[in-house]
2 protein chains.
Amino acid sequence: MVQYNETRLDASFAALSDATRRGVLEQLSRADASITDLAGKFHMTLTGMKKHVGVLERAALVTTEKAGRVRTCRLGMRALEEEAAWIERHRQLWSARFDALDKIVEHLKSKEKADARRKRR
Amino acid sequence: MVQYNETRLDASFAALSDATRRGVLEQLSRADASITDLAGKFHMTLTGMKKHVGVLERAALVTTEKAGRVRTCRLGMRALEEEAAWIERHRQLWSARFDALDKIVEHLKSKEKADARRKRR
DNA sequence: GTTATACTGAACCATGTGGTTCAGTATATA
DNA sequence: TATATACTGAACCACATGGTTCAGTATAAC
């Protein structure tokens, strides 16, 4: 049985629910960046960007390290795996359900046809 | 180029960031349910559950229909597809990045060995 | 027609979010 | 040593969230 860390899922889906943060992840997938870099790219104050990075960090999607006065942000290892697993599992439940529905519809249709045939006789 | 509906992603990741709501989706993947059913199963007032269902509905993860006095909730069609696509794409960017890193490390390692060999001579 | 059921909406509460400004501290650079 | 850079933290703002209670309305059951 698959077991999820519910609080981590909470944190990471919440982190992904903001377009700026998704942009930051995209950016970091190209290259590491400082807070200043990111703040510039997303037209935001340093403080504002620091908060976003904090959210991503708490969700373990990003790690940071400070060297001298600059804090470098990079993607977290193993990121998005649990999230992808959750979504994939539920996509499967989803489609199983819709397949079942299809079968019922199919069944009703064929019964309908049979009834029509019976009536014609 | 893949194009995402950013505001829908916002809404659906936010909807997924709550364990109760993820539970509701799981429940609905087994069978349709009324607000009362769900409220009972998650030990919550009707009003509270109504709000959660509202969030899921606004994210188009769930649809509802009222017949008489009971509102039946069911999974939305096409749900989670865009979300899965976003996550998968970024998992790929992620691993591409880590692969690149691996190559660099590999390169450094082989250079180290070469240096060591040169020194020994 | 009365009563029970199922939902709905408004209002409230504490806490979190996305952003800001302002006033720092720490580290480079000239 | 003086100055510029890079970040940090506190405090504030308006608004959203996750929950409640209370007072309704609409529909079903007796």
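Everything here concerns the structure above.
K.L.:
Any chance you could explain the protein's contact with DNA strand C here in plain terms?
P.N.:
For DNA strand C, the set of nearby residues contains 20 residues, the closest of which are Arg21(A), Lys51(A), His52(A), Thr36(B) and Arg71(B). For DNA strand C, a phosphate oxygen lies 3.3 Å from a polar atom in the side chain of Lys50(B). Side-chain polar atom of Lys66(B) to a sugar or linking oxygen of DNA strand C: 3.1 Å apart, as the coordinates give it. Of all the secondary-structure elements, those providing two or more residues to the surface near DNA strand C are α4 (46–58) of chain A together with α3 (35–41), α4 (46–58) and β3 (70–75) of chain B. Counting residues per element, the surface near DNA strand C draws most heavily on α4(A), which supplies four residues. By residue class, the composition of the surface near DNA strand C is four nonpolar, eight polar and eight charged.

K.L.:
Explain the interface of chain B and chain A to me, please; I cannot follow it from the model alone.
P.N.:
It is common to give the size of an interface as the accessible area that goes away when the parts come together. In this complex, chain B contributes 36 residues to the contact, which on the side of chain A involves 36 residues. Together chain B and chain A conceal approximately 3,200 Å² of surface at their shared face, both sides included; 65% is due to carbon and sulfur atoms. Together, Arg22(B), Trp94(B) and Arg97(B) form the three largest contributors to the area buried by chain B at its contact with chain A, with a combined 23%. Between chain B and chain A we count six salt bridges in total. Its salt-bridge partner being Glu26(A), residue Arg89(B) comes within 2.5 Å of it at the nearest N-O pair. Viewed at the interface, chain A and chain B are joined by ten residue pairs in polar contact (both at pLDDT 80 or more). Listed by contribution, the elements that provide at least two residues to the side of chain B that touches chain A are α1 (6–16), α2 (19–30) and α5 (81–120) of chain B. Looking at the side of chain B that touches chain A, its residues break down into 19 nonpolar, four polar and 13 charged.

K.L.:
I would appreciate a short explanation of the environment of Thr63(A) in the present structure.
P.N.:
All names here are of chain A. Within the element layout of this structure, Thr63 appears in strand β2 (residues 62–67). Separated by eleven residues in the primary sequence, Thr63 and Arg74 have C-alpha atoms spaced 5.6 Å apart. Non-local contacts of Thr63, meaning those with residues more than four positions away in its chain, are made with Glu57, Thr72, Cys73, Arg74, Leu75 and Gly76.

Basis of the calculations
- Along each chain, the written sequence defines residue order, and numbers are assigned to residues from 1.
- Chains carry letters from A onward and ligands carry numbers from 1 onward, assigned in written order.
- For this predicted model, a pLDDT threshold of at least 70 governs which residues receive local features, and a threshold of 80 or more governs which side-chain atom pairs are given and counted, while totals over whole chains, interfaces and linings are taken from all residues.
- Excluded from the side-chain calculations are hydrogens and water; all other atoms, namely the structure's heavy atoms, are used.
- Being near a molecule or strand, for a residue, means having at least one of its heavy atoms within 4 Å of it.
- For the purposes of these results, a polar contact is taken to be a pair of N or O atoms within 3.5 Å, where, inside protein, one atom must be able to donate a hydrogen and its partner to accept one; residues adjacent in sequence count only when each atom of the pair is a side-chain atom.
- Only DSSP runs of H or I covering at least 4 residues are called helices, and only runs of E covering at least 2 are called strands; the numbering of each starts at the N terminus.
- The nonpolar class holds Ala, Val, Leu, Ile, Met, Phe, Trp, Tyr, Cys and Pro. Asp, Glu, Lys and Arg form the charged class, and all remaining residues, Gly among them, are polar.
- Every residue pair with non-hydrogen atoms within 4.5 Å of one another is taken to be in contact.
- Buried area: the accessible surface (1.4 Å probe) lost by two parts on joining, summed over both.
- One side-chain nitrogen of Lys or Arg within 4 Å of one carboxyl oxygen of Asp or Glu is enough to make a salt bridge.

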